[in-house]
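# Overview (structure and organization)
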Amino acid sequence: MLIISLNYNLSLGFALTFLLASLSIISIFYCFQNLAGLNIQVKPINPVFAGSAVNINVQLINSSQIRWGIALSKGRSKKELIKKNIAAHETSILPISIDGVGRGSHTVGTLTFSTCFPLGLFRGWSPINCAQEFLVYPKPSDTLISFQYGSINHLQGNSSSKAGDEELSCLAGYKEGDPIKLIDWKSLAKERGVFVRQFEESSAVALLLDWEKVPGPTTEEKLSQLCRQIIEAKQNGFRYGLKLPDSVTPIASGAKHYESVLKQLALFQS
Amino acid sequence: MKQEPKNQRVIQWLILISALISLPHTFNLSPLFISFFALLAGWRFLGTTRPNWLPNRWLLFFLTLFGIALTIFETGSLFGHTASVSLLTTMFALKLLELKTTRDFYLTVFLCLFTILTHFIFDQSMLLTGYLFLLAFSLITLLVVHNLGAPHLTEAFRLTSKLFLQALPVMILLFLFFPRISTPLWSLPDDSSATSGGLSPIMEPGSIGKLSLSDETAFRVTFTGELPPPSQRYWRSQVFWEIGENGRRWALSPLNSDKTPSAVSFSGVEYQYSIMLEPYEQNRLVTLDLPLKSNYPGASINSDYLLISKNKVSKATRYSATSRPHYTGGPLSEQERSLGLQLPKKINAKIISLVSKWKSNSNDPAQTIDQALLFFRTEPFIYTLNPPRLLGREPIKDFLFETRRGFCEHYATAFAYLMRVAGVPSRIIGGYQGGEYNPVGKFLEVRQADAHAWAEVWLEGRGWVRIDPTAAVAPERVELGIDFRNQLSSSEVRFAFQPSGELLKLSLSIRHLLNSIDYNWQTWVLGYSFEKQIHFLTQLGFSGLFNELLWAMSVSSLFLLALIAIFILRQNKGGQDKVAKLYLSYCKKLATKGVSRHSSETASAFAQRAIKQLPNLANEIGLITKTYQQLRYEKNNQPDDLLFFQQAIRRFNP
Amino acid sequence: MVSVANSLGIMDSRTNCIRLIETASKVVLGKEREIKLSLCCLLAEGHLLIEDLPGVGKTTLSHALAKLLGLDFKRIQFTSDLMPSDILGYSQFDPRTKRLNFQSGPIFTQLILADEINRASPKTQSALLETMEEKQVTIEGKSWPLPDPFFVIATQNPFYQVGTFPLPESQLDRFLMCIQLGYPNAEAERDLLLNTDRRSLLEMLPVRLDPTELNNAQNEVSQMHVSEALLDYLQAIIRFTREHAGYATGLSPRAAVALLRAAKAWAWLDNRDAVLPEDIQAILTPVAAHRLRVDSSQSTEQIIEPILQDVALPA
């Protein structure tokens, strides 16, 4: 454009060329300012089963004016996973998901924040190495091999698991199908309504899921089957323990227990 | 980057803006290109809602070949600016049609901006510039919209305005200081026939039935001293010597730029003026009768007293000159005498008898001239812009004795013809006569409609004398000029009289104002040339060397850009006040000791955590936290409190 | 003179409030924070909802507050057959004067304990809640103003699900705070077992804050200074709840006002002249949790934790 303006000696051509040049130089400043000073935190990442996508929530804290079109990409690639405006003095979450992550413990790795604001002529980017870790549990097997009930071991489950040692936890409204023996007759007599007693450990079934007893040619398949069994056990309200070649987790139940046994599977031999 | 621009609306806007940008090319290019462009743009516009209507790759290839063929067929080549712009328009239309990816989007925006530039080759008027500036602004807004995370039109508009406001000063600096060159880098085959205007190189009265009047400005003149009276405002530009065989066509004299003017002794007033000449496409510059000297670089005054430039004036040009209307010419060379008396072989008997009747009264050429002028004045000659055509074999005879209706060219050629028959050397001068004084801008404005032709005869002892036979027929033409605005369809010519009504006065003063703005636009924006740049820089104290220009440009624009950068980047910190800044510096100091504040942590919670890790700093941390809370959340803070806080933090060195 | 008297008055009502909390915690053992929150709620001119099992001391707390503040106190046990007129009162024809006489209901009391509010029909519930909002009773076109101060402590049992009508979100929004009392700790429970009956202790409680002082205190609280920085933080919290995926609906403007009023009262009780972000964090759970709850299985910590963790506090 400059050469044409020079050759034809076009004053307005010069004006246009210089206007565009100034605009693009100034847009560099805007581009920089749009990305500079953002505070970035990666939220704790929920563990997932292999095969499903890992959801990562990246929190951006903007302590100044609005940021336009902040894009986030994984690694150093230019493929924008999400693009968002972040309002002034705002905390915003950019959710991204990553597919195809195998079993084990992983770090998030490099995340690249970029912006093409304001004119798209320049791209400002900033790669950030993120040490945040997350767990990927084995993929639950599609076929469930029936539990080895023979492995119920009261001794290993120690004294706390005496069947019938039921502790009244709370009363809940009667739903169709609740067993009659659980109805709280006392409150019914007091004309408070029909209630069902709920017990903390309503199931007496206790299992020890044993690495040795699970069939499967490879380590991964065995882990996959164990994983499926843990899920089944939890869904059925069973109490369960896990026996791996190098460790034994006593029989218990609850969310924490569930997470800890799955974590063992995730980290097994890796 | 193979991604679909998310918003079809953005594409629709881009197509609309592209169409609006190409629209003014209807004046410059063949209608075929414009129709081609309109067709393709419309097609693409429909494609935004019906993507399967868009052409496939083969059809696009065929259309491209068709576009190139069209350019060659219509313009005869692929070079020269009309051809290049035609080709560009065609390719632009094709690019629109295959607009798919983000890359295409940016390329199209660039094509739009480039097309804006091409308009300036043809026309640099203020109106067009304003129109194109608005479109350029919309284009940039569109870019901003495309790059915001979510389309937000008002916000984009605000941002674009801000960008423009910051870019304009830098642009002006670059405009002023970027080194211009006086000669083109290379010359493209120019298309002068496409943009000629004003004076024609051939004078052939009778061949055209109607003279079209154009109110376009031909040039504007600013006089340093007084203005010449209207009857002296003869602007000379062309000299015609040779008569064609039937006496109708007069040919322009060769440039003769090497021949120096014959000695002329001037007398009377001297006029100094500068002329702002519109694009002209000729070498013959306009000067007031008769020019002495001019400052136009490389131009010289030739033996015909024409100012001849080396190159054609293809863009608006400004130059100054000096003229004196009263002069006495020197002797006539033999060559000039034979040219000045050249006639067709066969001359009508009626003309010969008329001339010999005049000559029988007196042999004095001056007497003959008077007789001729008297003839025009007394016989029923009528001045009209709509004369009957003279298609007979003897057009001069037909005009003199039969039709007797015509405009300046008819009278000038007929008069010169008669003079040559009478043995008086004569020639035709083409140029402009008159001009309207603009009291706002204090300049004289001469329009294309003021084009005029008159005769010059050579008299012994007086040299070439200007004779305007039109003045004999219609003296108002010379005194008042043509009132072309009322000329529209009437065949008879009206001449401009001083307006009487208030409304007319108002309209006249508005016209003057607009012309004055346009004049300044021409002078200061379009006319900012190599010479003006040097002049401007010497006024600033530079010597105007190329190197100095570069330095001045770089230093000043870098300085300005740095200022703008600081202004923009400070915005990030704008949200924080002094207390916050000080507190953050305290947090930074603690962070070096391994206690860093979480973004959601309150000052006291952070202080507790810090004291647990650094118990020996408990006092300082406690004091700073307490003062911070007081400054941040309590009312009625004294300036001393901030000072105290500042000192406490400065002294805090964990 | 006036300013000195005023400042003395402020000091007085503030220290009295603090003494009131101390005295109350001798009756309701180990519940200092809950007592402070209740008083905070009263000072912010809001109403209190207590969600807990029977027998954890809701009545004792309400009664103790009434005694210590010298307010008259009534307890309304909500049942499924309770009618609005049983609370508000009704018009009765007096054959002697041949006029309708308004028989005022138990609502015309300074401190009301509305026990097990979710057992009454929605109609009765809304009669009470509207009265709470308007601070007057309107029957047959006539309005009778409620006493000033007017303070409602409502209770509901979270586990009764049959035959109850849980308060809808719109009604929950009318309670400034919702707190849980929970079981007393071991030490407090031992004390409870050892010492005499609480009821008799209640009777002997002195008045710590008379109604004029309470009025003063309420004025003081409403005039607490709030800085721009604090409002920024408050708005950031509100915006976070509106945009975060974990919440079905964000906090309403009414909730925002409630947060600010409660934070002011909390700061005042902490003997400060300005509200700090800490105050907002302190009252966030009782003020916001019941408004943000999606289902009853969520604990209040689960609801509030993301706010405390993620909302940035501008420096």
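In this text, all values refer to a predicted model and were calculated from it rather than measured experimentally.

### Quick notes on the overall build of chain A
Check the secondary structure of chain A and you find five helices and 13 strands. Burial status across chain A gives 47% buried among its 270 residues. For chain A, the share of sequence-separated contacts (at least 6 apart) that also reach a separation of at least 24 residues comes to 63%. Carbon and sulfur atoms form 54% of the exposed surface of chain A, whose accessible area is close to 13200 Å².

### Re the interface of chain C and chain B
The partner chain B presents 17 residues to the 18 residues of chain C that form the contact. Counting the surface lost from both chain C and chain B, the interface buries some 1400 Å², and carbon and sulfur atoms represent 56% of this. At the junction of chain C with chain B, the criterion picks out zero salt bridges. Counting across the interface, chain C meets chain B through seven residue pairs in polar contact (both at pLDDT 80 or more).

### As for helix 3 (residues 57-75) of chain B
Residue and element names in this part refer to chain B. Look at helix 3: 27 Å from first C-alpha to last across 19 residues, which is about the 27 Å you get at 1.5 Å a residue. Next to the buried residues of helix 3 lie helix 2 (31-47) and helix 4 (81-97). Positioned one or two residues after helix 3, Gly-76 has a phi angle of 85°, which is positive.

### Describing the interface of chain A and chain B
Contacts between the two partners involve 46 residues from chain A and, on the opposite side, 55 residues from chain B. Around 4800 Å² of area is buried between chain A and chain B when both sides are counted, 73% of it from carbon and sulfur atoms. Looking at the side of chain A facing chain B, the largest losses of area belong to Asn-7, Leu-12 and Tyr-30 of chain A, adding up to 14% of the total buried there. Where chain A meets chain B, there are zero salt bridges. Counting every contact that joins chain A to chain B gives four residue pairs in polar contact (both at pLDDT 80 or more). Only helix 1 (2-8), helix 2 (11-35), strand 4 (67-74) and strand 5 (82-86) of chain A provide two or more residues apiece to the side of chain A that touches chain B. The dominant element in the side of chain A that touches chain B, judged by the number of residues it contributes, is helix 2 of chain A, at 18 residues. Here the residues of the side of chain A that touches chain B sort into 27 nonpolar, 17 polar and two charged.

### Focus: the sheet that holds strand 1 (residues 38-42) of chain A
Either a parallel or an antiparallel arrangement is found when strands of a sheet pair, and the pairing is made through backbone hydrogen bonds. Residues and elements named next belong to chain A. Reading across the sheet, the three strands line up as 1-3-6 and stay open at both edges, with antiparallel pairing between neighbours. At either end of the open sheet lies a strand with only one pairing partner, and these are strand 1 and strand 6 (90-98). Averaged over all adjacent pairs, the angle separating strand axes in this sheet is 25°, with direction ignored. As judged from the nine bridges shared by strand 3 (residues 54-62) and strand 6, these two strands associate in the antiparallel manner. When the sheet's bridge partners are listed, Asn-62 is paired in strand 6 with Glu-90.

### Brief notes about the packing of helix 1 (residues 8-22) of chain B against helix 5 (residues 102-122) of chain B
All names here are of chain B. One way to put it is that helix 1 packs onto helix 5 with a least axis distance of 10 Å and a crossing angle of 15°. It follows from the interaxial angle that helix 1 and helix 5 lie roughly parallel. Remark: the crossing between helix 1 and helix 5 carries left-handed chirality. Across the interface between the two elements, Val-10, Leu-14, Ser-18, Ile-21 and Ser-22 from helix 1 touch Phe-105, Thr-108, Val-109, Cys-112, Thr-115, Ile-116 and His-119 from helix 5. For the contact of helix 1 with helix 5, the class distribution of residues is seven nonpolar, five polar and no charged.

### Details of the pairing of strand 4 of chain A
Residue and element names in this part refer to chain A. Within strand 4, seven of the eight residues are buried, leaving the element largely enclosed by the surrounding structure. Direction of pairing for strand 4 relative to strand 7 (residues 104-115): antiparallel, over a ladder of four bridges. Looking across to strand 7, one finds that Ala-71 is bridged to Ser-114.

### Observations regarding empty space enclosed by the protein
Residue and element names in this part refer to chain B. The full count for this structure, using the stated rule, is four cavities of 30 Å³ or more. The volume enclosed by the largest cavity comes to roughly 140 Å³. Lining the largest cavity are 17 residues, with Ser-262, Val-264, Tyr-305, Gly-329 and Trp-464 positioned closest to its centre. Put simply, the parts of the chain that give the lining of the largest cavity at least two residues each are strand 13 (326-329), strand 19 (451-459) and strand 20 (463-467). Roughly 60 Å³ of internal volume is contained in the second largest cavity. Pro-205, Arg-248, Leu-390, Pro-395, Ile-396, Phe-399, His-410, Thr-413 and Ala-414 together form the lining of the second largest cavity. Across the lining of the second largest cavity, the residue classes break down as six nonpolar, two polar and one charged.

### Some words on the confidence of the model for chain A
With 78% of its residues at a pLDDT of at least 70, chain A reaches an overall mean of 78. Scored below 50 in pLDDT, residues 150-167 of chain A shows 15 contacts in the model against residues more than four places distant or in partner chains.

### Looking at the side chain of Ser-22 of chain A
Of note, Ser-22 of chain A is situated in helix 2. Exposure remark for Ser-22 of chain A: the relative accessible area of 1% places this residue in the buried category. Excluding its chain neighbours within four sequence positions, the residues that come into contact with Ser-22 of chain A are Ala-167, Val-170, Met-171 and Leu-174 of chain B.

### Things to note about the sheet that holds strand 13 (residues 247-252) of chain A
Residue and element names in this part refer to chain A. Taking strand neighbours across the sheet as the criterion, the three strands line up as 11-12-13 in an open arrangement whose pairing is mixed. Both outer strands of the open sheet, strand 11 (206-210) and strand 13, are each paired with one neighbouring strand and no more. Neighbour to neighbour, the strand axes of the sheet diverge by 10° on average, direction disregarded. Two elements, strand 12 (residues 239-244) and strand 13, share four bridges in a ladder whose sense is antiparallel. Counterpart to Leu-242 in the pairing with strand 13 is Thr-249.

### With respect to helix 12 (residues 277-292) of chain C
Along its length, helix 12 of chain C shows its largest kink, about 55°, at Leu-284 of chain C, and proline Pro-286 of chain C lies within four residues downstream of that point. Most of helix 12 of chain C is tucked away: 15 of the 16 residues are buried.

### Some details on the nonpolar core
Leu-23 and Ile-26 of chain A together with Leu-14, Phe-105, Ile-116 and Leu-139 of chain B are the most contacted members of the largest nonpolar core, which totals 87 residues. Of all the elements, helix 5 of chain B adds the most residues to this core, at 12 residues. If we skip the residues at most four places from it in the chain, Leu-14 of chain B touches Leu-99, Phe-105, Thr-108, Val-109, Cys-112, Leu-139 and Leu-142 of chain B. With 79 residues, the next largest nonpolar core counts Met-177, Tyr-233, Leu-284 and Ile-307 of chain C among its residues.

What counts, and at which threshold
Residues numbered from 1 in each chain as written. Chains lettered and ligands numbered in written order. Predicted model: local features only at pLDDT ≥ 70, side-chain atom pairs only at ≥ 80, totals over all residues. Heavy atoms only, no water. Helix = DSSP H or I, 4+ residues; strand = E, 2+ residues; numbered from the N terminus. Buried < 20%, exposed > 50% of the residue type's maximum accessible area, 1.4 Å probe, protein only. Contact = heavy atoms within 4.5 Å. Areas by Shrake-Rupley, 256 points an atom, 1.4 Å probe, with all protein chains shown as cover. Buried area = accessible area lost by both parts, 1.4 Å probe. Salt bridge = Lys/Arg side-chain N within 4 Å of Asp/Glu carboxyl O. Polar contact = N/O pair within 3.5 Å; in protein donor to acceptor, adjacent residues only side chain to side chain. Expected span 1.5 Å × (residues − 1). Nonpolar A, V, L, I, M, F, W, Y, C, P; charged D, E, K, R; others polar. Pairing = 2+ DSSP bridges. Axes fitted to C-alpha atoms, helices over the stretch in contact; angles between N-to-C directions. Parallel < 35°, antiparallel > 145°, perpendicular 65-115°, else oblique. Left-handed = near helix turned anticlockwise from the far one by under 90°. 1 Å grid on protein atoms, 1.4 Å probe; cavity = no way out; pocket = protein on both sides within 12 Å on 5 of 7 lines; lining within 4 Å. Points joined across faces, edges and corners; volume = space filled by probe spheres on them. pLDDT = per-residue confidence, 0-100. Bend = angle between axes of the 7 residues up to and from the residue. Core = buried A, V, L, I, M, F, W, Y, C linked by side-chain atoms within 4.5 Å.

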